[in-house]
Amino acid sequence: MMLQTERLILRPWCEDDAEELYKYASDPIIGQNCGWPAHTSVENSRQVIRKILSAPETYAVVLRETGLPVGSVGIMTPGHGGMAKMADDEAEIGYWIGRPYWGQGLIPEAVRELQRYCFEELGCAAVWCCHFTTNDRSRRVMEKCGFVYHHTEYGVDGLTGVHDHRLTIITREQWLARIHKEDI
């Protein structure tokens, strides 16, 4: 499965991406913002590709211009990851991008495509998104993509300690109204 936007290709990760993944995932700030430890080697990144990033609906964010991955986005469904307590017809989107690409609108572009895919092709009634309360960049991505604050979960244990999670949601109806407004 491959999805495309104006500037991006969203495709499955492959082991050949390990060096590029390591380049960005070894940055401690990225892991800190996402709740996982920084990658320690190219081989560690290769193992993450095999064990985690090979999950269904997990995509490398690839720049069309270079053909190289610079981040990751994914869709989690009930019983298959995510922070939200989802109904069977809901999903959750997660994402990160390498620090050199922050502020270029690439992740909002990728998230909007995953929203489209969730609502139009997977038939979702709602899509969730979650971020640590300390991660303002991620909060802004969610706002740009039309997610609405739902609730905060405090003191959630994770791989890198205890964090507070801010959960947001967009319903199919909200997404359709937003798309219609953008088309006018």
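Sequence positions are assigned chain by chain, starting from 1 and proceeding in written order. In keeping with the predicted nature of the model, local features appear solely for residues at pLDDT of at least 70, side-chain atom pairs appear and are counted solely at 80 or more, and the whole-chain, interface and lining totals rest on all residues. Computation of side-chain values: all heavy atoms of the structure, hydrogens and water removed.

Enquirer: So what exactly am I meant to see when it comes to unusual backbone geometry here?
Expert: Both trends apply: most residues other than glycine have a negative phi, and most peptide bonds are in trans. Positive phi, normally seen in glycine, also occurs at Glu57, with a value near 65 degrees. Helix and strand assignments follow DSSP, with helices taken as H or I runs no shorter than four residues and strands as E runs no shorter than two, numbered in order from the N terminus. In this structure, Glu57 sits in the loop between helix 3 (42-51) and strand 3 (58-63).

Enquirer: Looking at this structure, I do not really get the environment of Tyr24. What am I missing?
Expert: If you trace the backbone, Tyr24 turns up in helix 1 (residues 18-25). Between the C-alpha atom of Tyr24 and that of Ile97, which follows or precedes it by 73 residues, the distance is 7.7 Å. Pairs of residues are marked as contacts when any of their non-hydrogen atoms sit within 4.5 Å. Those residues in contact with Tyr24, other than ones at most four positions away along the chain, are Ile30, Pro69, Val70, Trp96, Gly98, Pro100 and Tyr101. Counted as a polar contact is a pair of N or O atoms within 3.5 Å, where, for protein atoms, one must be capable of donating a hydrogen and the other of accepting one, and residues adjacent in sequence contribute only when both atoms are in side chains. At 3.5 Å, the side chain of Tyr24 and the side chain of Tyr101 are in polar contact.

Enquirer: Would you mind going over the nonpolar core with me for this structure?
Expert: Most often, soluble globular proteins keep nonpolar side chains buried together rather than apart. Take the buried Ala, Val, Leu, Ile, Met, Phe, Trp, Tyr and Cys residues and link them wherever side-chain atoms come within 4.5 Å; each set so joined is a nonpolar core. Think of it in three bands: residues with accessible area under 20% of the maximum for their type are buried, residues over 50% are exposed, and the middle band is partly exposed, with areas taken using a 1.4 Å probe on protein chains only. Leu10, Val73, Tyr95 and Phe147 are the most contacted members of the largest nonpolar core, which totals 43 residues. Counting residues per element, this core draws most heavily on helix 4 (residues 106-121), which supplies eight residues. If we skip the residues at most four places from it in the chain, Leu10 touches Met1, Met2, Leu3, Tyr59, Ala60, Val61, Val73, Ala110, Glu113 and Leu114.

Enquirer: What should I look at first to understand the pattern of salt bridges in this one?
Expert: Opposite charge on two side chains permits them to pair, given that their charged atoms come into close proximity. A carboxyl oxygen of Asp or Glu within 4 Å of a side-chain nitrogen of Lys or Arg is what we treat as a salt bridge. Applying the stated criterion across every chain yields a total of 13 salt bridges. The shortest N-O distance in the salt bridge between Arg46 and Glu43 comes to 3.1 Å. Remark: Glu43 and Arg46 occur in helix 3; sequence separation between them is three residues, near one turn of the helix. The class of Arg46 is partly exposed, set by a relative accessible area of 23%. Between Glu153 and Lys85 there is a salt bridge, with its nearest N and O atoms 3.4 Å apart. Separated by 68 residues along the polypeptide, Glu153 in strand 7 (residues 148-158) and Lys85 in the loop between strand 4 (69-76) and strand 5 (90-97) bring together distant segments of the chain.

None of the figures reported here should be taken as evidence of function without further support.
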